[in-house]
Amino acid sequence: MDFFDQQELARRASRRLVLWYVLAVLFVVASFNFAVALVYAVVALYGAVPLAGGEELVWRGLLRTYLHAALHVPPAVHAWVSGTVAAIVLAVTALRIRQLAEGGPAVAQMLGAHYLERSRVTPAEAKLLNVVEEMAIASGIAVPPVYLLNHEDAINALVAGHSPSEAVIIATRGAVQKLSRDELQGVMGHEFSHILNGDMALNVRLVALLAGIACFGEWDESLVHLGAKEARGKSREERGAEVLVAMFGAAIAFIGFPGLFAAEAIKAAISRQRELLADAASVQFTRNADGIAGALDSIRYLKAGTTLRT
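The present account deals with the structure reproduced in this document.

What counts as what
Residues numbered from 1 in each chain as written. Predicted model: local features only at pLDDT ≥ 70, side-chain atom pairs only at ≥ 80, totals over all residues. Heavy atoms only, no water. Helix = DSSP H or I, 4+ residues; strand = E, 2+ residues; numbered from the N terminus. Buried < 20%, exposed > 50% of the residue type's maximum accessible area, 1.4 Å probe, protein only. Contact = heavy atoms within 4.5 Å. Expected span 1.5 Å × (residues − 1). Polar contact = N/O pair within 3.5 Å; in protein donor to acceptor, adjacent residues only side chain to side chain. Core = buried A, V, L, I, M, F, W, Y, C linked by side-chain atoms within 4.5 Å. Patch = residues over 30% accessible without salt bridge, like charges linked within 9 Å, V, L, I, M, F, W, Y side chains within 5 Å. Areas by Shrake-Rupley, 256 points an atom, 1.4 Å probe, with all protein chains shown as cover. Salt bridge = Lys/Arg side-chain N within 4 Å of Asp/Glu carboxyl O. Pairing = 2+ DSSP bridges.

### Focus on the overall build of the protein
When you go through the protein residue by residue, the secondary structure sums to 10 helices and four strands. Walking the protein from its N terminus toward its C terminus, one meets helices and strands in the order α-α-α-α-β-α-β-β-β-α-α-α-α-α. Across the 310 residues that make up the protein, the buried fraction comes to 43%. Expressed as a percentage of contacts within the protein between residues at least 6 apart in sequence, the contacts between residues at least 24 apart total 73%.

This is how it looks when you write it as structure tokens:
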């Protein structure tokens, strides 16, 4: 197995996936335009709104008349819908970029991790610091600050920051306590690959960009849950407003689902490529394929999982 070939292959695949994002944005805009056209056509059947170019609505039977109206929505309506959806996507993206702009220490603090000081650590935590220093030497990167998620039993680790000079490593208590030294070394080599290959900056951009196209599905799922929660304990006659909120949320969630699905698909595809790159680099740094492989086996057999409760 040529690790350098694997690394270059993963980089090329990640660059191609950027095109998927552009297509996903266009698809979200198109789905909202399609939904608005369907609603507009219903209203047009009653003569309440005009068709494109002032065309007269001629009755051709219900289905044919409805389709004709849906295909002749004024361009100004489509322009307004496209502009509104694009503005929301950009606004959410900008907001998320601002939230993530504070760098690695802010992310660690947000997750509830605490900084490990060499003079105040347990033997297991000292092992983590030693392994991080070893991987820093192997990868040629300055030793980053190390944080511990002391309340997390899952086996996991991550890096955060915008550049290698401001990167931090965050590890869970489960990783420190349940992995052998070689396995922990494999995991840290994996994380140092993310630092060395610019995955942190990629992930920040990815989170911000995907937040924009996924926001419609996420918000409106929340509306559905809110409506259902508020309706509990009320009689059928008292549930009118809550039912409307839930129905509205369900409708918008359905329209926005392509964006949510595309965001998850892009995230999974990019993550897969970058994780393959990081695994290859871990073996390159540690010269021990059993390290990262053993860590994956431990996650499976110990049933510790990798999902954080934070």
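### Some points on helix H5 (residues 123-139)
Counted at 1.5 Å a residue, the expected span for H5 with its 17 residues is 24 Å, and the 24 Å between its end C-alpha atoms agrees. Every buried residue belonging to H5 is among Glu125, Ala126, Leu128, Leu129, Val131, Val132, Met135, Ala136 and Ser139, and all of these are buried. Residue Gly140 follows H5 closely and has a positive phi angle near 75°.

### Considerations on the side chain of Ser139
Inspection of the secondary structure assignment puts Ser139 in helix H5. In terms of polar contacts, Ser139 uses its side chain to reach the backbone carbonyl oxygen of Ala136, at 3.4 Å. With near-sequence residues (within four places) excluded, Ser139 lies in contact with Phe192, Leu196 and Phe285.

### Observations regarding the nonpolar core
Soluble globular proteins tend to pack their nonpolar side chains together in the buried interior. With 28 residues, the main nonpolar core has Leu128, Val132, Ile169, Leu179, Met188, Phe192 and Ile195 as its most contacted residues. When residues of this core are traced back to their parent elements, those giving at least two are H5, strand E2 (146-149), strand E3 (157-160), strand E4 (168-172), helix H6 (173-178), helix H7 (181-196) and helix H9 (240-286). It is H5 that provides the largest number of residues to this core, a total of six residues. In this view, Met188 contacts Leu128, Val131, Val132, Met135, Ala157 and Ile169; residues no more than four positions away in its chain are not counted. One finds Leu206, Cys215, Phe216 and Ala262 within the second-largest nonpolar core, a separate group that totals 19 residues.

### What to know about a nonpolar patch on the surface
Taken together, the side chains of Val39, Val42, Val43 and Tyr46 present a nonpolar region at the surface, about 410 Å² in accessible area. Turning to its location among the elements, Val43 is positioned in helix H1 (residues 3-45).

### Topic: the pattern of salt bridges
Enumeration over the complete set of coordinates arrives at three salt bridges. The shortest N-O distance in the salt bridge between Glu133 and Arg118 comes to 2.7 Å. In this pair, Glu133 sits in helix H5 while Arg118 sits in the loop between strand E1 (114-115) and H5, placing the two residues 15 residues apart along the sequence. For Arg118, a relative accessible area of 41% gives the class partly exposed. For the salt bridge of Arg173 with Asp153, the shortest nitrogen-to-oxygen distance reads 2.2 Å. Placement of the pair is Arg173 in helix H6 and Asp153 in the loop between E2 and E3, with a sequence separation of 20 residues. Assessed through its relative accessible area of 24%, Arg173 is described here as partly exposed.

### Comments concerning the sheet that holds E2
Taking strand neighbours across the sheet as the criterion, the four strands line up as E1-E2-E4-E3 in an open arrangement whose pairing is mixed. Edge positions in the sheet fall to E1 and E3, since each of these pairs with one other strand and no more. The pairing of E1 with E2 spans two bridges and is classified as antiparallel. Note that in E2 the partner of Tyr115 across the bridge is Tyr147.

### Here's the deal with the side chain of His190
Within the element layout of this structure, His190 appears in helix H7. Since its relative accessible area comes to 8%, His190 is described here as buried. Apart from the residues within four sequence positions on either side, His190 is in contact with Glu275, Ala278, Asp279, Ser282 and Ile292.

### Examining helix H3 (residues 75-99)
The terminal C-alpha atoms of H3 lie 36 Å apart, and with 25 residues this matches the ideal 36 Å at 1.5 Å per residue to within 8%. Along H3, the residues that are buried comprise Val81, Val85, Val89, Val92 and Thr93.

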